[in-house]
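Structural overview
Each chain, letter by letter, is given below.
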Amino acid sequence: MSKAPSGHTVSSPVDLLAIAYRIEADAVQRYTLLADQMEIHNNPELVKVFRDLARAEGIHAEEIRKQAGDIDLVARAERLGRWQKGESPEEVDLGSAHYLMTPWHALELALAGEKRALGFFTSITETAKDPKIKEMASEFVEEEAEHVNLVYRLMRKYSKPADTWAQDLDPPISQD
Amino acid sequence: MSSIQTRLACNPADYKSDIKPIWCPGCGDYHVLMSFTRAFAELGLLPEKTVVVSGIGCSSRIPAYTSCYGFHGVHGRSLALATGLKVTRPDLTVVVASGDGDGYSIGGNHFLHACRRNVDITYVVMDNRVYGMTKGQPSPTTEPDFDTALSPGGTGLSPFHPLVIALAAGANFVARAFSGSPNETASILVEAIRHPGFSFVEVLSPCVTFRPDEREWKNRVHPAPVAATNDPGKAARRIMTDDGFNIGILYRGNRLPYQAKAEPRTIDLAELEREFEL
Amino acid sequence: MPEVENVSIAIVGSGGAGALTTGNFLLEAASVAGWHGLLTRTVGPQIRGGEAAALIRLASHPVECLAERFDLLIGIDWLNANRFGAEIEVGPQSLVITDPHGGDLPAIVARAGARVVKVPIKEMAKAIPEGRPNMIALGLAADLLGLSEDILSVVIEKRLAEKGRTAIEASRAGLKAGIAAAADLDLGMRLAPPKSRTAQRWLVSGNETTGLGAIRGGVRFAAAYPITPASEILEWLAPNLPKVGGVLLQAEDELAAINMIIGASYGGTPALTATSGPGLSLMIEALGLATAAEIPIVVVDVMRAGPSTGIPTKSEQADLNIAVYGLHGDAPHLVLAPQSITDCLFTTQWAVYLAETLQAPAIVLSDQFIGQAVAVTDRPADIAFIGQRAKALPEAGAYKRYAVSAGGVSPMAIPGTRGGQYTADGLTHNERGTPTSSEGDHRAQLDKRCTKLEQFTYGDHWATVEGDGELAIMTWGSLTGAAREAIERVRRNGRDVRLIAPRLLLPVQPERFTAALHGVKRILIVEQSHGAQFHRYLRAHYDLPDDVRVLHRPGPLPIRPNEIEQALMQWSS
């Protein structure tokens, strides 16, 4: 049994599978939410970036779900407790979003998320007593490391934006 | 909270509508919406038995973004509307959403009396210390030296301290949350909704457009150093040294929630005219 | 002694003399004796100890207004009574009883040429242990009116039961003394015996019948913020709503009150509040919200003299403008006006029914006169109007709260109904209730809210239309009774005049109005408004004949039948 920094109690490999699934599923939700925000705020480039990220996370989630077979990972994760004190590693900071954000910013956000997930699984490998959990965790570490590198590669396509990236010559509109 | 109707195995996604928010990306209210849906899911609320009531302002747009019943009323009057609703429909779960302008300025009077009246509703104020919807005027919680178009150089006025007011006016549950910790905010909301009587939760929710300085809040918030108390005196002492960034439940009171006086049996309508008869 | 159909009495006194109690007892005694009557009062600005006058009219048939002068005026004292002015007018045939130590007669009384008799009321009261001057006055009035001591004793026993035996005995002694003092006095007229009736009679005020009408219409929630002269509606509802499973909540202000009733109504409970002009002004914004979100509510405005704080204890008809035109934007809604104390029951009940059926706010324009006057009246007939809201039971698919349809009324999902979730909004919205700024949606919803009111069949209740004649009086509210009486007087002189008094002021009824004016060539508009608001309203919405005269003035003195009669006579054919 190990307690992750997020407070989750991992008593079996299936528990870890459930948590990993939820990390991916939450990421899908988060990136979809951000894609929707970008759509409403007329930033089509970012819509594509976030939908791509959501799709990638969705594939990972699906792979994990297949691994679990008939086990209902969602229910399992519920029983582990949706949250403990403080936040879990899967949170993408929505506060960092901006309607003028560039793909570079989005990938920074994704990178932070992947690194956090990597850190989470790494800590499990360090603290888990059960060898099966240790092994599964180290597999996820490899996966997440690949994701981190993928994001780094994608980031090379974009240069860091100029300091004026958030400049909008139009004033804000009062709506109510 | 015996009047909550619940069901099992709820997904927060069930409590979101398909309407996409107009909030600026980066707005703390996205996290608050997340907290709402997580809290409703945790409580197993039935969306059709849950009503989100609001006034006017960015925060007040939230009802339509949930799949529950909602009322987007006029500026500052959401507590009165929610009171009339809850008193006549005690079977519903009523959550009131507001902002620092809607709730503490024009809604200030109703805030006092709602705390005093102690009807079993939950009041969530998304405080960004500015009037966001109308382009950046100071609100009652804005710092005195914050420069704005309507108050150049700052208002010079002491900011309103909502937790002090709530406690003094008799609120039965007083807490502060931070939108950047949506899970923790959800936990606090769960407790607030469960707690009988008037529950007040002030949620610090940064405005990315008019208060970009509020990005710093995530570094300034900290857990309250001590657990909640049910002693109003203790709570009052603690709040006097509050730095405005203590996160957690301050006070859980024991006041009985408001109960409308009900007669044991109803009479025939025809009885009402007896007093006029000659 | 000549027999008359009605007689008018005024009792004046100050500093706790108890003039108003005398008036109440007199009316009640007369009702026990079988007569009808009407009681109002006029008071100084003090909360206690001020100058006060009870103004009573007794009759052998129902009366809806006061006469222009008093046949009997009893002054326990005249301190500050000049304030009342023409409200206590007497004529050469009147009898004035005055206490020799009560001060000088008010100027208007002194120059009337009435018979003035001195009776030492205060001294007589002092001679009785715990005696009160108002009981002496009661005895004087009772004897002069032909009311028996027994009947008065019954009333005293009933009304003073709480004060204890001593108070009752002292009052009866005072009554006796007053009766004795009246032995040598003669009113010079006798009230005709009551026409024998089998109808049940009530002793009731307009504010009370308003409350009863609300409950009968289905109201089960009221929010209350006290304001003169509407508070009695809320005070009556406070104990009576819970008896029928309802709730009354005192609000912190009128803004809270109206928003509370909107919340309650949104939750499925028919709801009402009552206020006066200043409160209605505060409620205007929320009335717009109820209009836009299509939430039924009823707001009773018991009109006082305005503007602003005005004269809270006096009647006027000058809130017509704000009721009809006060909402910003194009916001069609319902405005109704009761015409008498008993009509408050009908009109309020009907207002609840219309509001619920049409999912719109209804403003009921009552006024201080009918609100606070107490009358002995025949029991009003029961009416079948009970609020029935069209409720949605959505099956599958997205529920459209504001779906556009033929009649304009879309079924409302009450919270608790699965699948009916929607967010009510003051923002312009589409059929689903989602905010929009599109021209199509905006117009569609404006049309819907307009259509639902305009296409509804209101029936004959929309107005009182009585009689025939080339000349018609157009009036509304509490002046309907005075107009009716004036018309009756001129009819006795062989002249026919039609009476048209709308009960439904909004939405306007052009076709019915035209029908009501069929054959009418001249109109006399009568209203209690300095700015002639009703005249301007009629001109704005209806086609009037070329020949129009307007008899209008503000409060505090209600327009009486004789003024209207004079205006009619001056406009002879």
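Residues numbered from 1 in each chain as written. Chains lettered and ligands numbered in written order. Predicted model: local features only at pLDDT ≥ 70, side-chain atom pairs only at ≥ 80, totals over all residues.

This part takes up the overall build of chain C. Tallying secondary structure elements over chain C gives 18 helices and 23 strands in all. Against the compact-globule benchmark of 25 Å for 573 residues, chain C has a radius of gyration of 26 Å, which places it among compact chains. For chain C, the spread of C-alpha atoms along the three principal axes comes to 85 × 60 × 45 Å. A burial count over chain C gives 56% of its 573 residues as buried. Restricting the contact set of chain C to residue pairs at least 6 apart, pairs at least 24 apart contribute 74%. (Helix = DSSP H or I, 4+ residues; strand = E, 2+ residues; numbered from the N terminus. Rg over C-alpha atoms; globule rule 2.2 N^0.38 Å. Buried ≥ 20, exposed ≤ 12 C-beta atoms within 10 Å, placed from the backbone. Contact = placed C-beta atoms within 7 Å.)

Moving on: the sheet that holds strand E3 (residues 36-43) of chain C. Residue and element names in this part refer to chain C. With mixed pairing, the 8 strands of this open sheet are ordered in space as E7-E6-E5-E2-E4-E3-E16-E9. Two strands lie at the open edges of the sheet, namely strand E7 (115-118) and strand E9 (201-205), each paired on one side alone. Strand-to-strand twist in this sheet, taken as the mean axis angle between neighbours without regard to direction, amounts to 15°. Where E3 lies against strand E16 (residues 374-378), 3 bridges are found, and the strand directions are antiparallel. Bridging from a neighbouring strand, Leu38 pairs with Ala375 of E16. Sheet strands in contact with helix H1 (residues 19-32) are strand E2 (6-13), E3, strand E4 (52-59), E9 and E16, and its direction is about 10° off that of E4. Of the strands in this sheet, E2, E4, strand E5 (70-75) and strand E6 (90-98) are in contact with helix H4 (residues 133-145), which crosses E2 at around 165°. (Pairing = 2+ DSSP bridges. Axes fitted to C-alpha atoms, helices over the stretch in contact; angles between N-to-C directions.)

One open sheet holds the 9 strands; their spatial order is E7(B)-E8(B)-E5(B)-E6(B)-E4(B)-E3(B)-E1(B)-E2(B)-E17(C), and the pairing between them is mixed. A strand with exactly one partner marks an edge of an open sheet, and here the two such strands are strand E7 (222-223) of chain B together with strand E17 (423-425) of chain C. In this structure, strand E5 (residues 173-178) of chain B lies alongside strand E6 (residues 199-204) of chain B, joined through 6 bridges in parallel fashion. Of the residues in E6(B), the one forming a bridge with Phe173(B) is Ser199(B). Its contacts with the sheet place helix H2 (residues 78-88) of chain B against strand E1 (50-54), strand E2 (69-72), strand E3 (93-99) and strand E4 (122-127) of chain B, and it is angled at close to 175° to E3(B). On the sheet, helix H5 (residues 162-169) of chain B packs against E4, E5, E6 and strand E8 (246-252) of chain B and is oriented at approximately 165° with respect to E5(B).

Residues and elements named next belong to chain C. Locating Glu28 in the fold gives a position in helix H1. Sequence separation between Glu28 and Gly420 is 392 residues; the distance between their C-alpha atoms is 53 Å. Discounting residues that sit within four places of it in the chain, Glu28 has contacts with Val155 and Leu203.

Let us now look at the arrangement of the chains. Here 2 pairs of chains are in contact, and chains B and C lead that list by number of contacts. The least C-alpha distance between chain A and chain C, which are not in contact, is 9 Å.

Turning next to the interface of chain B and chain A. Taken together, the contacts link 26 residues of chain B with 21 residues of chain A. Elements with a contribution of two residues or more to the side of chain B that touches chain A: helix H1 (28-43) and helix H6 (182-194) of chain B. Looking at which element gives the most residues to the side of chain B that touches chain A, the answer is H1(B), with 5 residues. Its residues assigned to classes, the side of chain B that touches chain A shows 10 nonpolar, 10 polar and 6 charged. (Nonpolar A, V, L, I, M, F, W, Y, C, P; charged D, E, K, R; others polar.)

The subject of this paragraph is the interface of chain B and chain C. Counting from both sides, the interface comprises 42 residues of chain B and, opposite them, 51 residues of chain C. The set of elements that each furnish at least two residues to the side of chain B that touches chain C consists of E2, H2 and helix H4 (108-117) of chain B. No other element matches H2(B), which puts 8 residues into the side of chain B that touches chain C. Here 3 bridges tie E2(B) to E17(C), and the two strands are oriented parallel to one another. Along E17(C), the bridge assignment pairs His72(B) with Asp425(C).

Below, the discussion takes up the confidence of the model for chain C. Here chain C averages 95 in pLDDT, and 99% of its residues register 70 or above. For this predicted complex, the interface confidence score (ipTM) comes to 0.92, while the overall pTM stands at 0.93. (pLDDT = per-residue confidence, 0-100.)

Time to look at the domain arrangement of chain C. Residues and elements named next belong to chain C. By domain assignment, chain C separates into domain 1 (3-191), domain 2 (203-378), domain 3 (390-456) and domain 4 (462-570). The distance between the C-alpha centroids of domain 2 and domain 3 comes to 25 Å. Facing 15 residues of domain 2, the contacting portion of domain 3 comprises 14 residues. Here the side of domain 2 that touches domain 3 gets 4 residues from one element, more than from any other, and that element is helix H10 (residues 277-293). Counted by class, the side of domain 2 that touches domain 3 contains 9 nonpolar, 4 polar and 2 charged residues. (Domains from an automatic or database assignment.)

The next subject is the packing of H1(C) against H4(C). All names here are of chain C. Where H1 contacts H4, the axes come no closer than 9 Å and their chain directions differ by 35°. As H1 packs across H4, the resulting crossing turns out to be right-handed. On H4, the residues touching Ala19, Thr21, Thr22, Phe25, Leu26 and Ala29 of H1 are Asn134, Ala137, Leu138, Ala141 and Ala142. Looking at side-chain class alone, the contact of H1 with H4 contains 8 nonpolar, 3 polar and no charged residues. (Left-handed = near helix turned anticlockwise from the far one by under 90°.)

This paragraph deals with the nonpolar core. Within the largest apolar cluster, 311 residues are counted, with the highest numbers of intra-cluster contacts made by Val174(B), Ala141(C), Ala222(C), Ile261(C) and Val298(C). With 14 residues, the single largest contributor to this core is helix H1 (residues 13-40) of chain A. If sequence neighbours within four positions are ignored, Ala141(C) has contacts with Ile9(C), Ile11(C), Leu26(C), Leu72(C) and Ile74(C). (Core = buried A, V, L, I, M, F, W, Y, C linked by C-beta atoms within 7 Å.)

Once that is clear, we can look at the packing of H1(A) against helix H5 (residues 131-156) of chain A. All names here are of chain A. At a minimum axis distance of 9 Å, the contact between H1 and H5 shows a crossing angle of 25°. Taken as axis vectors, H1 and H5 run roughly parallel relative to one another. Seen from above, H1 lies across H5 with right-handed handedness. Contacts between H1 and H5 pair Pro13, Leu16 and Ala20 from the former with Lys132, Ile133, Met136, Ala137 and Phe140 from the latter. In terms of residue class, the contact of H1 with H5 is built from 7 nonpolar, no polar and 1 charged. (Parallel < 35°, antiparallel > 145°, perpendicular 65-115°, else oblique.)

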